[in-house]
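A look at the structure
Residue strings, one per chain:
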Amino acid sequence: MSDLTSNQALIKSLACTALSPGLRSILVFDAPYSGLQHLAAMLEQLLGVTAGLPVQPYQLGPFETDDAVWGSVALPGKAPLLRLFSQERNAREFQLITIPDLAILSQAAARTCTMLVGAEVVHLERHEQHQIWKPRQCWLAGCTRADVGKISPHLLDRFALRMHWHDIDPTEQFSHQKRVANLLAHVPHDSLATDKLLSPTMLRQIEVASHQRVEMPPAILARVMDYLPHGQSYPRREIALARFALALAQFAGSPDLHEEHVEEAARLLGMTAQADAEQEDASEEEEEPFKRETQEEPPEQLSAQPESARPQTLDTSQTQQVNMPETISSPDIETGTLCSENPYPEDTAFVEREAASLQLSITPYSYSRSTHGPIIGIEESETLSDLAIVSTVMSALKFQKIRCSTQQGKERKIAFEPTDLRRHRRGSALEHVLMILLDYTSVRDNVNWQDALLPYLSQAYADRAEIVLIKVGAEDAVHELQAEIVNARNIIVPSIGEALELGSGKASPLAHGFNLARARLRHLFQHGRTLARAATFLVISDGRGNVPREASLKNSIQKNIIGQEGVEDALAEAVRVSIFQRVETIVLNPQPLDYPELPEILAQALGAKIQIIPHADGHEKAGAAM
Amino acid sequence: MADDQDEQELLRTILPYTSIVGQEKLKLALELAYIAPRIGGVLISGKRGTAKSTTVRAFASMMYKRLPVTIPINATEDRVVGGWDVKQLLESALVEQRGLLEEAHENLLYVDEVNLLDDHIVNIILDVISTGKLIIQREGRNAQREVKTIFVGTMNPEEGGLRPQLQDRFGLMVNVEADAGYENRLRILETVLAFDRALQEEEDKQTSPFLVQGREADERYQVEIADAQQRFYGVKLETETADKCVKLAQAFQIEGHRGDYLLALASCAYAARLNDSRATFEHLKSVAELVLRHRLLIAHQLSNAVWGEEEEQRVLEILGYV
């Protein structure tokens, strides 16, 4: 049996989900897919007791379109397609929907979640379908804590319960025996079968609890507000905490809500009473040196089993009972917590999503419809461009009996009208890419290269351009003989800003930098469905590469004297980059004191324009070309 | 169409309007739009979890005894405008299926997350709301219907703004904020949990005192609002008040004359609500923000219109209170 089932805090929390309809939306941070599966299996068993209908698990991911989720017109003579959400389904089943990664959900699915998660009533008004129903669902979603900034808070706010999955430290070294034990613990076995996860005693307890009524003294309810920031209001969080406390009381069979239920709910959610938090902040400021020493200790990563029970060496007779590396942070009942870190990281996360991410995308280049973006739906069309064949045919089929009633003979052709035409509705296409090759060793302190770069960054922001930054000779290079590439969805991603602030290393693997640039451009313009329309390639370099291409590729220098090889290799690679048609290349010339003609030679090799970067004193070299 | 039994069951899951804590401006806006339908609708803007949708459904449930006609964000044109019954069509029978706009005639038309709605659908709604006529010319249908409706939209401005053309179509706009006051927060919590329990009791076929009292209070309140609607055309707009309507619109640089008209309408509606026979400066003072906020020039550039102490002070000055 999986160790998760001995995690009392977790079981209790999932039981509360089964008892309280208002808690049936759970967000788990940093859980592996197998962990989510496990949680889903446990939920399925628990909900089976209280839902009153068979529980059916489903999954939403990055590919769902509106038609897949909500259905469309059925083919003549055929049963209607079983759409995911409908009045019929809702009447015969309780849905347990798992979202493995909320950050990469398709826009259609994200919009669907906005409509459904926590909804009182659902309306389906699509393709002649008209249905209204009260949803019977439970939602279980996973996402990486680091990706929270990519998700709309409008969507995140709908998840009532938050959990944080503590995984093993990937850098931790395990003994061979422990690795074998972990492997055995992860091998799929029938303990994931729903009917074997939780004990009959537990299920009976939930059944009894589901009939328990709990009185709510206002004075005890008022304790809930102690756990939310003063002077601000987060209605859904307060309500979730209160419902959780009530459900805990219900689960315990208590006829009244007590303060300890509120405290337990807050502890499980990782919330601290605001007065306590302020005191902790004050004491932390005083005791900071002491705290630094203790930071080496592992945080509240308490395992499912008490320390004493965890075997230090593998006992082959008890292999299945060895502590699983993946555990919800929860020890014994008294100090357990589901979320040892802030359960609402979206409050402080850096925004990495587009503005209005749930709105249907607009096409920035209005003079021509993009046929490049991912398909996110279907819409009516007046032209034959980007035709959605199946939807067009389905649209025509509705009228065939009427249109073809006069057709004689056995062979009947489908009669189309212009009004049947349907085209793909596409998401944002990769319209533009800004690629920057930054040679850190060539920009000195008295060169205003960042000011020169600013207009291009501003334009990239306006164009919603994807960013590719090629770091040549950066101080943080993992291998100083190699350039590195940083890709970002847009200019506001923090990694780009951080990279632009780096200092200079010692080596200048310029040839490798151009080599990476060429590979990336080839991928952007020749590979896959989502191809870029155009790119701007900015090169900030003095042209003095001092690492031959071969040395970069092998990550070692064989010769003692390099001579001009680094420069020649860089120029040769630059020529290979120049062949791309839809790339506008600009060399930003830092006006080097040594070999001042090299940037111009580089620009010629690239087929690029050249722009002078003024020195900090505003000096420009006379006769500089543009 | 969802049959009557299903809809009645769904209505029972709606929190009684009179049980909603706070949100007085929001409630006022809905009531004014009901009393004077020519106001043209209410846009409710506010952050998540501020009971926007709950209040609209509760109001519709109280006044119309049914759920509002709702256009979800993924609605397709055929359902909004109307089409053919597909099952009948496949059997060569032409049977019309009413669209949502047609169903919204003499009802409340509701769009939740209106800023996420497809632009194409928005255009259709714009056209119908402004003309009061639904023209159906698609799939071989050629028909025209009258549509008189109260259009209510809710939105979270964090998810993007509304096109100025659509924003202007709403007669009134309310900016809803989460109540940070301790007492109200506690009352909200108590109400939500009491409602949770009441729903469970009804599901167990028991009588819930909370719901019984709430529904009875709603019945009484519904009569008050309906009576106010009857009184509306008897309310007199004083010349001085009309003068102030124009001055307010000019002072806030509202384009066109629609602002003047709406200020007058809203003042009269509020007077009717309070059982007053004349619309005075007091009524105008209370409704000014609802009418003017989303019509300010700056509102067209921001996803969230700004109305603060400065604007309030200006209203008071123009009305002669300071």
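The rules behind the values
Residues numbered from 1 in each chain as written. Chains lettered and ligands numbered in written order. Predicted model: local features only at pLDDT ≥ 70, side-chain atom pairs only at ≥ 80, totals over all residues. Heavy atoms only, no water. Pairing = 2+ DSSP bridges. Helix = DSSP H or I, 4+ residues; strand = E, 2+ residues; numbered from the N terminus. Axes fitted to C-alpha atoms, helices over the stretch in contact; angles between N-to-C directions. Contact = heavy atoms within 4.5 Å. pLDDT = per-residue confidence, 0-100. Buried area = accessible area lost by both parts, 1.4 Å probe. Salt bridge = Lys/Arg side-chain N within 4 Å of Asp/Glu carboxyl O. Polar contact = N/O pair within 3.5 Å; in protein donor to acceptor, adjacent residues only side chain to side chain. Buried < 20%, exposed > 50% of the residue type's maximum accessible area, 1.4 Å probe, protein only. Expected span 1.5 Å × (residues − 1). Bend = angle between axes of the 7 residues up to and from the residue.

Let's shift gears to the sheet that holds strand S11 (residues 432–439) of chain A. All names here are of chain A. Spatially, six strands are ordered S13-S12-S11-S14-S15-S16 in an open sheet, and the strand pairing comes out mixed. Looking at the sheet topology across the chains shown, the edges are occupied by strand S13 (484–488) and strand S16 (609–612). Here the strands of the sheet are splayed against their neighbours by 20° on average, with no regard to which way each runs. Where S11 and strand S12 (residues 466–472) come together, seven bridges link them in parallel fashion. Among the inter-strand pairings, Asp439 is bridged to a residue of S12, identified as Val472.

Here we take up the environment of Leu296 of chain B. In this fold, Leu296 of chain B is placed in the loop between helix H13 (281–292) and helix H14 (309–319). For Leu296 of chain B, the residues in contact, after removing those within four places along its chain, are Phe252, Ile254, Val306 and Trp307 of chain B.

Right, let's get into the confidence of the model for chain A. Residue and element names in this part refer to chain A. Scored by pLDDT, chain A has a mean of 78; 73% of the residues are at 70 or more. Long-range and interchain partners of residues 286–336, a stretch whose pLDDT sits below 50, account for 79 contacts in this model, where long-range means more than four residues apart. Considering only residues more than four positions removed or in separate chains, one finds that residues 363–368, a stretch of pLDDT under 50, has seven contacts.

What follows deals with the interface of chain B and chain A. Taken together, the contact between chain B and chain A spans 57 residues of the former and 60 residues of the latter. Surface buried jointly by chain B and chain A totals about 5400 Å² across both partners, of which 57% is contributed by carbon and sulfur atoms. Of all residues in chain B, Arg48, Glu159 and Arg185 of chain B give up the largest surface area on contact with chain A, accounting jointly for 13% of the area buried on that side. Viewed at the interface, chain A and chain B are joined by nine salt bridges. The residue Glu238 of chain A makes a salt bridge to Arg185 of chain B at a minimum N-O spacing of 2.5 Å. Scanning the region where chain B abuts chain A turns up 19 residue pairs in polar contact (both at pLDDT 80 or more).

Residues and elements named next belong to chain B. For strand S5 (residues 107–111), the tally of buried residues reaches five of five residues, placing the bulk of the element in the interior. One ladder, built from two bridges, connects strand S2 (residues 69–70) with S5; its direction is parallel. Note on S5: the bridge partner recorded for Thr70 is Tyr110. Sheet analysis places S5 next to strand S8 (residues 149–155), joined by five bridges and oriented parallel. Bridging across to S8, Leu109 finds its partner in Phe151.

Moving on: helix H16 (residues 449–462) of chain A. All names here are of chain A. Its 14 residues place the ends of H16 21 Å apart at the C-alpha level, agreeing with the 20 Å of an ideal helix rising 1.5 Å per residue. Of all the bends in H16, the largest measures some 30° and sits at Pro455. Among all positions of H16, only Trp449, Ala452, Leu453, Tyr456, Leu457 and Ala460 are buried. On its buried face, H16 is in contact with S11, S12, helix H17 (494–500), strand S14 (534–540), strand S15 (583–589) and S16. A positive phi of about 55° marks Arg464, the residue just after H16.

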